[in-house]
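# Structure at a glance
Residue strings, one per chain:
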Amino acid sequence: MTANHTRQLLVLPDRDAAEEAADRLTEQLPGLARPELVRDALAGEDDAEDAQWLVVLEAPEEGGWTAEQLADLDDTAAEFEGWREED
């Protein structure tokens with residue numbers, strides 16, 4: 001079961017996808033803080049092409065995540081060929 005106040009990560013294939021997803025989520029979910037973008041190099045790989053990008057989203061201060069918000073995160077991640085993880 002998802003904790004209401006767990007940080008969420010969208011794991012996306014490249015920086016462009018991460019930036020676009022972050023912009024979209026900022027518009028769709030105005031109560032959220034601006035997402036942080038983090039380059040996540042795959043283990044043992046130094047090449048920039050072998051990196052995923054994370055969109056780090058802190059839980060909303062008021063009440064945490066709702067099921068609808070988490071579904072929006074899942075839909076956005078899937079649209080950009082990624083997925084959502086809890087941190």
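Check the entry above for the structure.
Residues numbered from 1 in each chain as written. Predicted model: local features only at pLDDT ≥ 70, side-chain atom pairs only at ≥ 80, totals over all residues. Heavy atoms only, no water.

### Points about the overall build of the protein chain
Operational definition: Only DSSP runs of H or I with at least four residues qualify as helices, and only runs of E with at least two residues qualify as strands; both kinds are numbered from the N terminus onward. Contacts: residue pairs with any heavy atoms within 4.5 Å of one another. Areas reported here follow the Shrake-Rupley algorithm with a probe of radius 1.4 Å; residue values treat only the protein chains shown as occluding.
A tally of regular secondary structure across the protein chain gives two helices and four strands. When its helices and strands are written in sequence order, the protein chain yields β-α-β-β-α-β. Taking the contacts inside the protein chain whose residues are at least 6 apart along the sequence as the reference set, 64% of them involve residues at least 24 apart. Within the structure as shown, the protein chain displays about 5400 Å² of accessible surface, and the carbon and sulfur contribution to it stands at 43%.

### Some thoughts on the sheet that holds strand β3 (residues 51-57)
Convention followed: Paired strands are those between which DSSP finds at least two bridges. For helices, the axis comes from a line fit to the C-alpha atoms of the stretch in contact; other axes are also lines fit to C-alpha atoms, and the angle between any two N-to-C directions lies between 0 and 180 degrees.
If you trace the four strands from one edge of the open sheet to the other, you get β2-β3-β1-β4, paired in antiparallel fashion. Edge strands, defined here as strands with exactly one partner in the open sheet, are β2 (36-41) and β4 (83-86). Geometrically, the sheet is characterised by an average inter-axis angle of 30° between neighbouring strands, direction not taken into account. The sheet contact formed by strand β1 (residues 8-12) and β3 spans five bridges and is antiparallel.

### Some thoughts on the pairing of β1
Within a regular strand, the side chains alternate between the two sheet faces. Rules: Here's how the labels work: a residue is buried when its accessible area is under 20% of the maximum for its type, exposed when over 50%, partly exposed in between, all with a 1.4 Å probe on protein chains only.
Here β1 lies mainly inside the structure; five of its five residues are buried. For β1 and β4, the ladder comprises four bridges, and the chain directions are antiparallel. Paired with Val11 across the bridge in β4 is Trp83.

### Considerations on the packing of helix α1 (residues 15-28) against helix α2 (residues 67-79)
Rules: When describing relative orientation, an angle under 35 degrees is termed roughly parallel and one over 145 degrees roughly antiparallel, while 65 to 115 degrees is termed roughly perpendicular and anything else oblique. The sense of a crossing depends on the near helix, which, turned anticlockwise from the far helix by less than a right angle, makes the crossing left-handed and, turned clockwise, makes it right-handed. Classification convention: Asp, Glu, Lys, Arg as charged; Ala, Val, Leu, Ile, Met, Phe, Trp, Tyr, Cys, Pro as nonpolar; all other residues, Gly among them, as polar.
α2 packs onto α1 with a crossing angle of 155° between their chain directions and a minimal axis gap of 11 Å. Considering the angle they form, α1 stands roughly antiparallel to α2. As α1 packs across α2, the resulting crossing turns out to be right-handed. The segment α1 lies against α2, with Ala21, Arg24, Leu25 and Gln28 engaging Leu73, Thr76 and Glu79. Here the residues of the contact of α1 with α2 sort into three nonpolar, two polar and two charged.

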